[in-house]
Amino acid sequence: MNYCGSCGHQIQQNNAKFCPQCGIQLPQADAPGPPVVPPPQAPVTPETSGLAIGSLICGILFFIFPSAIAAIVMGHISRAEIRRSGGRKTGAGMAMAGLVLGYIGVSFIPILIIAAIAIPNLLRSKMAENEAFAVGSLRALNTSAVDYSTAYGIYPPSLAPLGPSSSPSPMSADLIDSVLAAGTKSGYVFDYEPFNAEWGGVKTFGYSITASPNTPGTTGQRYFFTDQTGVIRVEADRVATANSPPVN
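It should be emphasised that the depicted structure is a prediction, and the values quoted were computed from it without experimental measurement.

As for the packing of helix H1 (residues 50-60) against helix H3 (residues 92-152)
- Taken N-terminus to C-terminus, the directions of H1 and H3 make an angle of 30°; their axes are 7 Å apart at the nearest point. One way to sum up the angle between H1 and H3 is to call them roughly parallel. Viewed along their axes, H1 and H3 form a crossing whose handedness is left-handed. On H3, the residues that touch Ala52, Ile53, Ser55, Leu56, Gly59 and Ile60 of H1 are Met94, Ala95, Ala97, Gly98, Leu99, Leu101 and Gly102.
- Its residues assigned to classes, the contact of H1 with H3 comprises nine nonpolar, four polar and no charged.

Some details on the pairing of strand E9 (residues 232-235)
- Across four bridges, the pairing between strand E8 (residues 223-227) and E9 is antiparallel. Residue Thr226 lies in a different strand from E9, and its bridge partner there is Ile232.
- Taking the residues that link successive antiparallel strands as the turn, the E8-E9 hairpin has four residues, and the phi of Gly230 there is positive, at about 85°.

What about the packing of H1 against helix H2 (residues 65-84)?
- As a packed pair, H1 and H2 sit with axes 8 Å apart at the nearest point and diverge in direction by 155°. Judged on the interaxial angle alone, H2 and H1 are roughly antiparallel. The hand of the H1/H2 crossing is left-handed. For the pair H1 and H2, the contacting residues are Leu51, Ala52, Gly54, Ser55, Cys58 and Gly59 in the first and Ser67, Ala68, Ala70, Ala71, Met74, Gly75, Ile77, Ser78 and Glu81 in the second.
- Here the residues of the contact of H1 with H2 sort into eight nonpolar, six polar and one charged.

Let's talk about a nonpolar patch on the surface
- On the surface, Ile53, Ile57, Ile60, Leu61, Phe63 and Ile64 cluster together into a nonpolar patch covering about 540 Å² of accessible area.
- Residue classification places Phe63 among the exposed residues on the basis of a relative accessible area of 56%.

Section: H2
- Taking 1.5 Å of rise per residue, the 20 residues of H2 would be expected to cover 28 Å, and the 30 Å separating its terminal C-alpha atoms lies within 8% of that figure.
- The set of residues buried in H2 consists of Ser67, Ala68, Ala71, Ile72, Met74, Gly75, Ser78, Ala80 and Ile82.
- Tucked inside the fold, the buried residues of H2 contact H1, strand E4 (89-90) and H3.

A few points about unusual backbone geometry
- Although it is not a glycine, Asp174 adopts a positive phi angle of roughly 60°.
- Looking at the element boundaries, Asp174 is found in the loop between H3 and helix H4 (178-181).
- We classify Asp174 as partly exposed; its relative accessible area is 38%.
- A positive phi angle, close to 55°, is found at Ser186, a residue other than glycine.
- Here Ser186 is to be found in the loop between strand E5 (184-185) and strand E6 (188-199).
- Of the residues examined, Ser186 reaches a relative accessible area of 27% and is grouped as partly exposed.

Definitions and cut-offs
Residues numbered from 1 in each chain as written. Predicted model: local features only at pLDDT ≥ 70, side-chain atom pairs only at ≥ 80, totals over all residues. Heavy atoms only, no water. Axes fitted to C-alpha atoms, helices over the stretch in contact; angles between N-to-C directions. Helix = DSSP H or I, 4+ residues; strand = E, 2+ residues; numbered from the N terminus. Parallel < 35°, antiparallel > 145°, perpendicular 65-115°, else oblique. Left-handed = near helix turned anticlockwise from the far one by under 90°. Contact = heavy atoms within 4.5 Å. Nonpolar A, V, L, I, M, F, W, Y, C, P; charged D, E, K, R; others polar. Pairing = 2+ DSSP bridges. Patch = residues over 30% accessible without salt bridge, like charges linked within 9 Å, V, L, I, M, F, W, Y side chains within 5 Å. Areas by Shrake-Rupley, 256 points an atom, 1.4 Å probe, with all protein chains shown as cover. Salt bridge = Lys/Arg side-chain N within 4 Å of Asp/Glu carboxyl O. Buried < 20%, exposed > 50% of the residue type's maximum accessible area, 1.4 Å probe, protein only. Expected span 1.5 Å × (residues − 1).

What follows is the structure, given as C-alpha cells:
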C-alpha cells in the first residue's frame, strides 16, 4: 500500500502514475535493467607440490637410508597438502610413488643390517675352510710324493704325474685327483718345485710346494709351504718358505 507524498492520500493502485486526490505525479520505481554479469576471471593453473617432487626423487634413491625416510615424510605431508588445496595443487601420484619407494627402502634396512653382519662372518668362515683344505691337500701331496718316490725311485717332476689313471705309471701314478693335479683347489694355488742337492757325494732328490690363496683376503688369508720333510709351514700375510714357522 502506497501513500501520496504531497497530500498523504492512500493510493490503491500499485502502478498509479498520478495521485487521484491532488494529481501530483507519483515517483516510479526504476525499470529493471539487464542482469549484471561479472567480468570473466582467468582460470587458475594448478601448481605441482614441491614436496611431492621431493618425495619422488628421494624415493628413487631409496637404497640410501636417509632418502627413504625423507621420501616417506615428504610423501605424507604433500598428499595432505594436496587434499587441502581444493585443486590448487597437484602431484598426488608422484607423492604416492615416493611413498611406495620409500617404504621399499625402509623394508630393506633389516636385510642390509643382517647382510652387513653375516657376509663378513661367512667370508671368514669360507677362508678358514679353504685354509684347512689347503693344509689337508699339502699333507695328501706329501704322502703321494713319498708313495711316488717309493714306486719309481724319484720324486715326481710336477703334480701332473700324480694324477688319476686307470693304469698307474710314472707319467700318471693315480695318487691324487685331477683337480689337485692341475694345481688349483678350494681357492688355493699349489706351486710344486722339484730340486736336486748334493749331500756327501750322494744325489738326493727333493721338492717344495707352496700354497697361496687364489685371491688373498677372499679365498684365503694365510700362505703355506712344505717339502720332502713333510713339515707344513705357514705365514699370515706373505709367501711361506722353509724358514717359516710350522703349522700348530
